[in-house]
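In case you want the letters, here they are:
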There are 2 protein chains.
Amino acid sequence: MLEKSIDTKTAILTIAKDLMRQLGYNAFSYADIAQQLNIKNAAIHYHYPAKEDLLLGVIDTYIEEYQHLGKQLIAAPISSLQKLSLFIEKYSVLIDQKSICIIGSVASDYNTLPKSVREKVLKLIDLVINMVAQTLADGRAKGELTFSEEPKTKSLLIMTNLAAGVQLARITGKNDFNEIVKALLDQIKK
Amino acid sequence: MLEKSIDTKTAILTIAKDLMRQLGYNAFSYADIAQQLNIKNAAIHYHYPAKEDLLLGVIDTYIEEYQHLGKQLIAAPISSLQKLSLFIEKYSVLIDQKSICIIGSVASDYNTLPKSVREKVLKLIDLVINMVAQTLADGRAKGELTFSEEPKTKSLLIMTNLAAGVQLARITGKNDFNEIVKALLDQIKK
DNA sequence: AATTATACTTATTAGTAAGTAAGTATTACT
DNA sequence: AGTAATACTTACTTACTAATAAGTATAATT
């Protein structure tokens, strides 16, 4: 088997993911990736013929990641609050990398995305919103959490706090994000 | 006086504002503006030599707009809830235009913005966050609103709900935004 | 009336973008 | 050993980007 090319393909994807969250779809180029990997632009086109294919690949990895996380969270022997904290921690890390979350990135660039990508983005967003909603519903059913809204609505509130929270914190500082997290956890703590 | 050029300059700014919110800084070009106004690219460079200058102009109009709104809100003989509703209405309108708010737009593109723009963006964000915080603080002092967080923190929570709310609603539909607004108004209603 | 400033257009440049075609070296398969 | 697939590089094309220089018509100023 040709190991190197598989490594290159995943390496391209990893860098593309970072560039998407740091700069957005329209602000990075194949040259940025090629430079970091010491390969030529055309090598990227070999693995991902068009930028559209590359972005589809990026979104796919996030769909898989969150599907995996969703299954893990259902089985995990931890409180619902701890589950949400694990999820929130994923967002907190982004700020140190001067990144925003992938959903915020594609949402901002949405009007400029190819149709095939838009459909996948919708799938990713539904997945994450429903995962958080499910965690919230379970937590309330178990008496671990308290909130008066519908789980889906509360999920929307929390997800928008987090998504825009990292966008804001990249500009105003991480403290604003920490304040948001503290407040929203206080809201649902019993 | 040469009236026409002043109209052209403001017309450029108006279109740039729309393009910023619809496509983002890196996805629109001088050609997009020139086409809509039936002028040449170079005419835009005459009024705004570099794209940086154009973006500075765009941010300036929003700073002025929100400074104006802030003053209006202080004097207005309406309830704090109505003041917040007026502010929220500005966001609601964006979704119909397939736009996001200017703060979300520049926040997403932040790493790609010139330094001079970044400083102005920070000023705009502080202005809006503090305006909402002030309205919340006044409303609570007058007994019109209820919330347990610090006004600044509650402002961050509401602003992130709105900013990411319009980003999300552009993809998933306006109903999600309406749900968010209903829920956050319920939270602070007495 | 002559000059100057304004608001452009025409024409061009240098740089960068995505994408492709053709060639090459290495590995896998038969 | 010969063939074919894999994973690239080299070289190129097309298209678009911001930006600039030089020219032009009109209006304002002196």
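Before reading further, recall that the structure is shown in the block above.
As the structure is a computational prediction, the values presented were derived from the model and not from experiment.

(A) Fine view of the overall build of chain A. A tally of regular secondary structure across chain A gives 9 helices and 0 strands. Each helix (α) and strand (β) of chain A, taken in turn from the N terminus, gives the series α-α-α-α-α-α-α-α-α. By principal-axis analysis of the C-alpha atoms, chain A measures approximately 55 × 40 × 30 Å. Counting only contacts in chain A whose residues sit at least 6 apart along the sequence, the fraction spanning at least 24 positions is 68%.

(B) Fine view of helix 9 (residues 174-188) of chain A. Given a rise of 1.5 Å per residue, 15 residues ought to cover 21 Å, and the 22 Å separating the end C-alpha atoms of helix 9 of chain A matches this to within 8%. By the burial criterion, the buried members of helix 9 of chain A are A:Asp176, A:Phe177, A:Ile180, A:Val181 and A:Leu184. All buried residues of helix 9 of chain A fall inside an arc of 135° around its axis, so they share one side. Opposite its buried face, helix 9 of chain A presents the exposed residues A:Asn175, A:Lys182 and A:Asp186, each directed more than 90 degrees away. Residues of helix 9 of chain A that are buried sit in contact with helix 5 (80-96) and helix 8 (151-172) of chain A together with helix 8 (151-172) of chain B.

(C) Representation of the packing of helix 4 (residues 51-75) of chain B against helix 7 (residues 115-141) of chain B in the model. Residue and element names in this part refer to chain B. Relative to each other, helix 4 and helix 7 sit at 15°, their axes nearing to 10 Å. Comparing the axis directions of helix 4 and helix 7 gives the class roughly parallel. As for how helix 4 packs across helix 7, the hand of that crossing is left-handed. Across from Glu52, Leu55, Leu56, Ile59, Tyr62, Ile63, Tyr66, Gln67, Gly70 and Leu73 in helix 4, the residues of helix 7 making contact are Ser116, Val117, Lys120, Val121, Lys123, Leu124, Leu127, Val128, Met131 and Thr135. In the contact of helix 4 with helix 7, the residues fall into 13 nonpolar, 4 polar and 3 charged.

(D) Highlighting the interface of chain B and chain A. Listed by partner, the interface residues are 36 residues for chain B and 36 residues for chain A. Those elements giving two or more residues to the side of chain B that touches chain A turn out to be helix 6 (102-108), helix 7, helix 8 and helix 9 (174-188) of chain B. With 13 residues, helix 8 of chain B is the single largest residue contributor to the side of chain B that touches chain A.

(E) Quick peek at unusual backbone geometry. In the Ramachandran plot, A:Asn38 falls in the positive-phi region, its phi being about 55° despite a non-glycine side chain. Relative to the helices and strands, A:Asn38 is located in the loop between helix 2 (30-37) and helix 3 (41-47). Positive phi, normally seen in glycine, also occurs at B:Lys98, with a value near 55°. By secondary structure assignment, the location of B:Lys98 is in the loop between helix 5 (80-96) and helix 6.

(F) Local environment of the relation of the copies chain B and chain A. Each copy superposes on the other: chain B lies on chain A with an RMSD of 0.0 Å after a rotation of 180° and an axial shift of 0.0 Å. The transformation just described matches what one would write down for a two-fold rotation axis. Looking at the interface residues of chain B, 100% of them are also at the interface in chain A, so both copies use one shared face.

(G) Spotlight on the environment of B:Asp32. Tracing the backbone through its elements, the reader meets B:Asp32 in helix 2 (residues 30-37). Separated by 45 residues in sequence, B:Asp32 and B:Pro77 place their C-alpha atoms 42 Å apart.

(H) Representation of helix 5 of chain A. All names here are of chain A. Helix length check: helix 5 (17 residues) gives 26 Å between terminal C-alpha atoms against 24 Å at 1.5 Å per residue, within 8%. Among all positions of helix 5, only Ser80, Lys83, Leu84, Tyr91, Leu94 and Ile95 are buried. Following helix 5 by one or two positions, Lys98 adopts a phi angle in the positive range, close to 50°.

(I) Representation of the packing of helix 7 (residues 115-141) of chain A against helix 8 of chain A within the structure. Residue and element names in this part refer to chain A. Where helix 7 contacts helix 8, the axes come no closer than 8 Å and their chain directions differ by 120°. Taken together, the axes of helix 7 and helix 8 are oblique relative to one another. The crossing of helix 7 and helix 8 is right-handed. Residue-level contacts link Val128, Ile129, Val132, Ala133, Leu136 and Ala137 of helix 7 to Pro151, Lys152, Lys154, Ser155, Leu156, Ile158 and Met159 of helix 8. Considering only residue class, the contact of helix 7 with helix 8 consists of 10 nonpolar, 1 polar and 2 charged.

(J) The arrangement of the nonpolar core in detail. Core analysis: the largest hydrophobic core is formed by 97 residues, its most contacted members being A:Val166 and B:Val166. Aside from chain neighbours lying at most four places away, what touches A:Val166 is A:Tyr91, A:Leu94, A:Ile95, A:Ile100, A:Cys101, A:Gly104 and A:Phe177.

(K) Examining the environment of B:Gly165 more closely. Among the structural elements, B:Gly165 can be located in helix 8. The class for B:Gly165 is buried, based on 34 C-beta atoms found within 10 Å. Remark: the alpha-carbon pair of B:Gly165 and B:Ala43, spanning 122 residues in sequence, is separated by 37 Å. Apart from the residues within four sequence positions on either side, B:Gly165 is in contact with A:Thr160, B:Phe177 and B:Ile180.

(L) View of the environment of B:Lys83. Within the secondary structure, B:Lys83 sits in helix 5. Look past the residues within four positions of B:Lys83 in its chain and what remains in contact with it is B:Leu73, B:Ala76, B:Ile78 and B:Thr135.

Calculation notes
- Residues numbered from 1 in each chain as written.
- Chains lettered and ligands numbered in written order.
- Predicted model: local features only at pLDDT ≥ 70, side-chain atom pairs only at ≥ 80, totals over all residues.
- Helix = DSSP H or I, 4+ residues; strand = E, 2+ residues; numbered from the N terminus.
- Contact = placed C-beta atoms within 7 Å.
- Expected span 1.5 Å × (residues − 1).
- Buried ≥ 20, exposed ≤ 12 C-beta atoms within 10 Å, placed from the backbone.
- Arc of directions from axis to C-beta.
- Axes fitted to C-alpha atoms, helices over the stretch in contact; angles between N-to-C directions.
- Parallel < 35°, antiparallel > 145°, perpendicular 65-115°, else oblique.
- Left-handed = near helix turned anticlockwise from the far one by under 90°.
- Nonpolar A, V, L, I, M, F, W, Y, C, P; charged D, E, K, R; others polar.
- Least-squares fit on C-alpha atoms with pLDDT ≥ 70 in both.
- Core = buried A, V, L, I, M, F, W, Y, C linked by C-beta atoms within 7 Å.

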